[in-house]
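As a plain string of letters, each chain reads:
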Amino acid sequence: MRLNLNNVKLHVSAGQPDQFPTDGRPQIIFSGRSNVGKSSLINTLLGRRGLARVSSVPGKTITINFYDIDGKLWFVDLPGYGFAKRPREEKKRWSALTDAFLRAPYPGRRFFIQLIDAKAGASADDHAMADWMNAVGVPFVYAATKIDKLNKTAREARLAEMRSAGATVIPFSAVTGEGRAELWAEIYKFLG
Ligand SMILES: Nc1nc2c(ncn2[C@@H]2O[C@H](COP(=O)(O)OP(=O)(O)OP(=O)(O)O)[C@@H](O)[C@H]2O)c(=O)[nH]1
Ligand SMILES: [Mg+2]
């Protein structure tokens, strides 16, 4: 599959399950805690600075954003989880919408890119997400985000820790662009 990255657009910011696409195109799903750098990573992958909104206020939006990638696949930006200051009502909405998305039968293939803040390491919610992906058996890789913030020693320690469970871990930085080519390689490998 060849993709024209000049032909990408935000298709829908879905606040309700009936807005989710059901056409069966492959979905690349980006998941991670709030503020982990999801929007920045999506923009870096697509080479578009302002497509996914990079927020100064974390955890503001509770929608699932579907980006149409050249009419051939979907990039799915899940709302970030684990933002401590978010009101309880919003947390409920987050899990209701995300659960609906993850549980609904989808007539196409799915590949998860699970973002972990390289400096902070995996949170309890990150572990819960990984447990879910392993239990369901969906393919995924980790992106260790904001890797530019770590010195060599901290970087190697974090990557070794994240790789100890056997998963693929890609160090990533939206600042330097490190990891962009490697993530695209994983996506293309999945697409076959
Ligand atoms: N140093 C550094 N900062 C980054 C990187 N990626 C994102 N940031 C910063 O981290 C903050 C959050 O980035 P976002 O891309 O909005 O993160 P998000 O996961 O989409 O956040 P929410 O959607 O609000 O949950 C912003 O201030 C970014 O500038 C990175 O690779 N390196
Ligand atoms: Mg975001």
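Now for a look at the structure at hand. The model shown is predicted, which means the values in this text are computed figures rather than measured ones.

How each quantity is defined
- Residues numbered from 1 in each chain as written.
- Chains lettered and ligands numbered in written order.
- Predicted model: local features only at pLDDT ≥ 70, side-chain atom pairs only at ≥ 80, totals over all residues.
- Helix = DSSP H or I, 4+ residues; strand = E, 2+ residues; numbered from the N terminus.
- Rg over C-alpha atoms; globule rule 2.2 N^0.38 Å.
- Buried ≥ 20, exposed ≤ 12 C-beta atoms within 10 Å, placed from the backbone.
- Pairing = 2+ DSSP bridges.
- Right-handed = clockwise from strand over helix to strand, strands pointing away.
- Axes fitted to C-alpha atoms, helices over the stretch in contact; angles between N-to-C directions.
- Contact = placed C-beta atoms within 7 Å.

**A look at the overall build of the protein chain**
- For the protein chain, the helix and strand inventory stands at five helices and seven strands.
- Along the chain direction, N to C, the helices and strands of the protein chain fall in the order β-β-α-β-β-α-β-α-β-α-β-α.
- A globule of 192 residues ought to have a C-alpha radius of gyration of about 16 Å, and the protein chain, at 16 Å, matches this closely.
- Looking at the protein chain residue by residue over its 192 residues, the buried ones come to 33%.

**So, the pairing of strand β6 (residues 140-145)**
- The element β6 is largely enclosed, with a buried count of five among its six residues.
- Of the strand pairs in this sheet, strand β5 (residues 110-117) and β6 are connected by six bridges, and their pairing is parallel. By the bridge assignment for β6, I113 is matched with V141.
- Each parallel crossover has a hand, and for β5 linked through helix α3 (residues 124-136) to β6 it is right-handed.
- As paired strands, β6 and strand β7 (residues 169-171) are joined by three bridges and run parallel to one another. Pairing of A143 across the sheet is with I170, part of β7.
- Regarding topology, helix α4 (residues 152-163) serves as the crossover connection from β6 to the parallel β7, and that connection is right-handed.

**Digging into the sheet that holds β7**
- Here we have seven strands laid out as an open sheet, ordered β1-β3-β4-β2-β5-β6-β7, and mixed in their pairing. Because the sheet does not close on itself, it has two edges, and the strands there are β1 (8-14) and β7. Neighbour-to-neighbour, the strand axes of the sheet open up by a mean angle of 25 degrees, direction not taken into account.
- Those strands touched by α3 are β2 (27-32), β5 and β6, and its axis lies near 160 degrees from that of β5.

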